[in-house]
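Residues per chain are reported as follows:
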Protein chains: 2
Amino acid sequence: MRILVLGGDGYLGWPTALHLSRRGHEVAVVDNFVRRQYDFEMGVDSLVPIAHLQHRVRVWEEVSGLRVEAFVGDLTDHTFVERVLDATAPEAVVHFAEQRSAPYSMIDRAHATYTQVNNVVGTLNLLYAIAERDPQIHLVKLGTMGEYGTPNIDIEEGFIEITHKGRTDVLPYPKQPGSFYHLSKVHDSHNIQFACRIWGLRATDLNQGVVYGQETDETTMHADLATRFDYDGVFGTVLNRFCVQAVVGHPLTVYGQGGQTRGMLDIRDTLACVELALLHPAAEGEFRVFNQFTESFSVAQMADMVAEAYPGEVRIEHVEDPRVEKEEHYYRAAHTKLLDLGLVPHLLEPATIKGLLDVADRHRGRVDPAAIAPTVQWRKTASRLTTAGGPGA
Amino acid sequence: MRILVLGGDGYLGWPTALHLSRRGHEVAVVDNFVRRQYDFEMGVDSLVPIAHLQHRVRVWEEVSGLRVEAFVGDLTDHTFVERVLDATAPEAVVHFAEQRSAPYSMIDRAHATYTQVNNVVGTLNLLYAIAERDPQIHLVKLGTMGEYGTPNIDIEEGFIEITHKGRTDVLPYPKQPGSFYHLSKVHDSHNIQFACRIWGLRATDLNQGVVYGQETDETTMHADLATRFDYDGVFGTVLNRFCVQAVVGHPLTVYGQGGQTRGMLDIRDTLACVELALLHPAAEGEFRVFNQFTESFSVAQMADMVAEAYPGEVRIEHVEDPRVEKEEHYYRAAHTKLLDLGLVPHLLEPATIKGLLDVADRHRGRVDPAAIAPTVQWRKTASRLTTAGGPGA
């Protein structure tokens with residue numbers, strides 16, 4: 001299958017591209033490197049050093065004998081989107097190319113509007129380009145479980161059957177997102193569903209949980225193929241951050257009570273889920289939603305698991321929750337559609353956490369402790385970012 | 001009350017500003033005249049000639065002795081939004097200032113992205129400016145009944161209680177909007193609800209039906225106070241358009257079967273509803289939704305009513321529906337919250353339609369028949385607009 005991976009230089013886009021390439025697909029990647037630009041803005045770096053995309057692509061060809069073509073450009077430039085589709089004639093597009101940090105979107109007005117315009121316009125340009133070139137192209141779009149928020153009823157996969165005053169309909173599941181970033185994904189979902197309805201496009205919205213892990217079967221084939229690993233207060237995801245904190249002797253910082261429960265998945269399952277979605281495409285005109293996670297844990301549970309897995313002393317510290325979110329809540333979300341397609345999950349076992357701790361330990365010299373604390377306050381309209389030192393500062 | 005009316009030069013913004021001014025409020029209006037710019041783009045004009053805003057404000061002062069201050073600028077310029085809030089220190093902001101035509105948003109990619117960016121960014125700038133200056137300011141935002149689409153269950157006012165697998169929650173009503181314009185309003189609603197939650201803002205989302213009528217108690221006080229009246233295929237709303245068609249001997253063009261049912265209201269009720277929302281503000285942190293319409297009619301019913309009210313011959317013509325929408329569907333939508341606050345509706349009676357026909361008849365010399373046919377096709381990604389003649393062409 002000819003597959004275009006948008007955001008192919010990122011944490012998940014890059015390993016997804018390699019995985020699909022190794023599985024025999026013809027893969028091209030697109031990126032504008034804005035994720036690397038955010039690092040300059042924050043004064044932080046990926047814990048694991050990452051090579052330039054052009055270099056990584058060359059190394060991949062040396063190691064695997066497989067070519068991945070790279071296009072550099074911005075999805076908010078519609079002529080670029082159109083040219084890339086013309087040049088690659090993909091059968092499927094995997095769309096990771098959005099600003100993906102909730103705290104980044106909550107820094108201030110400028111970051112909120114940037115996040116929404118960037119994400120919504122990039123996706124609109126893509127929808128138009130697909131509809132105009134080849135409506136058969138299957139769009140696999142990364143959404144987030146955060147679109148649902150934490151309702152007091154079970155979360156279903158995208159849609160819910162509602163019986164109301166004696167009548168019944170299946171309607172989009174109500175959305176209660178918790179940041180301007182999460183809102184941008186809700187906007188995208190509505191726009192994509194509409195495009196499927198009016199133009200007969202095929203789309204799969206992957207409402208993904210929080211991803212942990214850094215190594216995949218492909219990225220470990222050569223040191224220069226590594227993907228990024230973020231532990232900072234703005235882009236770091238919770239389990240990755242806890243492992244770095246454990247290794248450098250920093251208390252694990254649990255926001256608030258720690259009862260916040262989220263769907264989680266191993267980075268290797270992200271790759272598997274995307275491929276399953278691609279191999280079983282949505283029908284013409286179909287907008288479908290898969291909840292892409294494998295297990296749910298509370299933040300406090302994850303801190304305990306890391307503390308148990310780490311051989312040394314680990315302290316857990318509750319800090320004031322910078323977000324506006326329920327710290328204790330009901331959480332039960334369906335996630336059977338990808339299992340039905342054949343997903344065999346990597347569950348979060350002590351060995352997995354030990355693997356993560358090993359990654360953190362190998363690069364402990366690059367940790368900047370000043371970058372870890374949360375700096376973005378949801379209750380404020382503008383947060384001043386801590387100026388963090390550089391790597392090893 | 002000190003009230004800022006955004007979009008105060010528009011079809012509804014202008015008469016709302018006059019109404020509030022006459023009712024004793026201190027009113028300022030804001031506009032960037034982009035609505036007049038759309039007329040240049042389309043090559044059409046308001047059926048009823050409208051004076052410059054600056055002139056209308058002067059005439060209003062002469063006629064009523066009341067001052068309405070006018071600010072010229074664009075909500076997507078956040079410094080402008082901040083300066084206007086600083087200059088006026090409003091207790092409430094009524095926000096009409098969005099691109100409000102579904103067909104306009106569906107012309108092509110450029111118009112779709114323009115509509116979403118313009119509407120979403122303008123509202124985001126306003127939310128930040130309110131939160132930073134005075135979170136007590138009550139935001140009264142114009143949404144649309146079109147946010148709900150046409151579900152097969154009763155539509156409630158913004159929220160619905162759902163019992164699912166033995167548990168119950170009250171959640172945002174699922175949205176199935178039918179154009180990139182309607183989608184922009186759904187995006188706004190989600191953004192505003194979130195801002196209320198994190199910053200404690202007060203907001204009322206008025207999910208308005210389709211408005212008909214052109215004359216209000218204030219605009220009829222002087223010819224130069226008239227508000228606009230659109231009958232063209234892009235900005236004209238259905239009942240106004242039917243009246244113009246009847247008067248110029250053009251068949252009433254019903255899109256498709258005509259079973260499309262929508263909530264409707266008289267322009268005078270828009271003014272009353274906005275004032276009721278202002279006099280009974282949302283609580284701190286509350287995001288509330290009022291369904292702002294008084295009666296529901298199908299398109300075919302409206303055509304029949306106009307044909308009956310018109311003294312001459314009227315032909316009804318079914319044209320292919322340019323939109324993607326259900327032409328026959330269930331429709332029952334709650335609209336009790338504004339009635340509970342005291343709204344006494346002007347219902348759609350033959351006399352009302354006769355009044356509309358009179359307006360159309362007085363200005364029949366300005367009708368451009370070439371502007372009436374629908375030109376924007378939902379199923380296409382780009383529609384070529386008919387180049388319409390000027391007034392009286």
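Above this note sits the structure.
The model shown is predicted, which means the values in this text are computed figures rather than measured ones.

### What about the overall build of chain A?
Argument step 1. Secondary structure assignment for chain A yields 12 helices and 14 strands.
Argument step 2. For chain A, whose C-alpha radius of gyration is 20 Å, the value lies close to the compact-globule estimate of 21 Å for 393 residues.
Argument step 3. For chain A, the C-alpha atoms occupy an extent of roughly 60 × 55 × 40 Å along the three principal directions.
Argument step 4. Taking all 393 residues of chain A together, 63% fall into the buried category.
Argument step 5. The long-range share in chain A, meaning contacts at least 24 apart out of those at least 6 apart in sequence, stands at 80%.
Argument step 6. Of the roughly 14,000 Å² that chain A leaves accessible, carbon and sulfur atoms contribute 49%.

### What to know about helix α3 (residues 53–64) of chain A
Residue and element names in this part refer to chain A.
Argument step 1. With 12 residues, α3 should cover 16 Å at 1.5 Å per step; its first-to-last C-alpha distance of 16 Å lies within 8% of that length.
Argument step 2. Along α3, the residues that are buried comprise L53, R56, V57, V59 and W60. Angularly, the buried residues of α3 cover 165 degrees about the axis, an arc narrow enough to put them on a single face.
Argument step 3. Lining the buried residues of α3 we find α1 (13–22), β2 (26–31), α2 (34–42) and β3 (68–72).
Argument step 4. Just past α3, the residue G65 takes up positive phi, approximately 75 degrees.

### Points about the interface of chain A and chain B
Argument step 1. The partner chain B presents 53 residues to the 53 residues of chain A that form the contact.
Argument step 2. When the area that chain A buries against chain B is broken down by residue, the three leading residues are R109(A), Y128(A) and R167(A), summing to 13%.
Argument step 3. In this structure, the connection of chain A to chain B is made through 2 salt bridges.
Argument step 4. The partner of K165(A) in a salt bridge is E156(B), with the nearest N and O atoms 2.9 Å apart.
Argument step 5. On inspection of chain A and its partner chain B, the count reaches 21 residue pairs in polar contact (both at pLDDT 80 or more).
Argument step 6. Among the elements of the structure, α4 (78–88), α6 (109–133), β6 (159–164), β7 (167–172) and α7 (180–199) of chain A are those that each provide at least two residues to the side of chain A that touches chain B.
Argument step 7. Of the residues forming the side of chain A that touches chain B, the biggest block, 12 residues, is contributed by α6(A).

### Let's talk about the relation of the copies chain A and chain B
Argument step 1. In the superposition of chain A on chain B (RMSD 0.0 Å, axial shift 0.0 Å), the rotation amounts to 180 degrees. Overall, the copies show the geometry of a two-fold rotation axis.
Argument step 2. When the interface residues of chain A are mapped onto chain B, 100% of them again lie at the interface, so the same face is used by both copies.

### Thoughts on the sheet that holds strand β11 (residues 261–266) of chain A
All names here are of chain A.
Argument step 1. Strands sit in the order β9-β11-β13 across an open sheet of 3 strands; the sheet is mixed. The outermost strands of the open sheet, each flanked by one partner alone, are β9 (210–212) and β13 (295–298). Ignoring which end each strand starts from, the neighbouring axes of this sheet average 45 degrees apart.
Argument step 2. Note that β9 and β11 share 3 bridges and pair parallel. Paired with V210 across the strands is M264, a residue of β11.
Argument step 3. Strand contacts of helix α10 (residues 299–309): β11 and β13, with the helix running at about 90 degrees to β13, the strand carrying the most contacts.

Rules behind the numbers
Residues numbered from 1 in each chain as written. Chains lettered and ligands numbered in written order. Predicted model: local features only at pLDDT ≥ 70, side-chain atom pairs only at ≥ 80, totals over all residues. Heavy atoms only, no water. Helix = DSSP H or I, 4+ residues; strand = E, 2+ residues; numbered from the N terminus. Rg over C-alpha atoms; globule rule 2.2 N^0.38 Å. Buried < 20%, exposed > 50% of the residue type's maximum accessible area, 1.4 Å probe, protein only. Contact = heavy atoms within 4.5 Å. Areas by Shrake-Rupley, 256 points an atom, 1.4 Å probe, with all protein chains shown as cover. Expected span 1.5 Å × (residues − 1). Arc of directions from axis to C-beta. Buried area = accessible area lost by both parts, 1.4 Å probe. Salt bridge = Lys/Arg side-chain N within 4 Å of Asp/Glu carboxyl O. Polar contact = N/O pair within 3.5 Å; in protein donor to acceptor, adjacent residues only side chain to side chain. Least-squares fit on C-alpha atoms with pLDDT ≥ 70 in both. Pairing = 2+ DSSP bridges. Axes fitted to C-alpha atoms, helices over the stretch in contact; angles between N-to-C directions.

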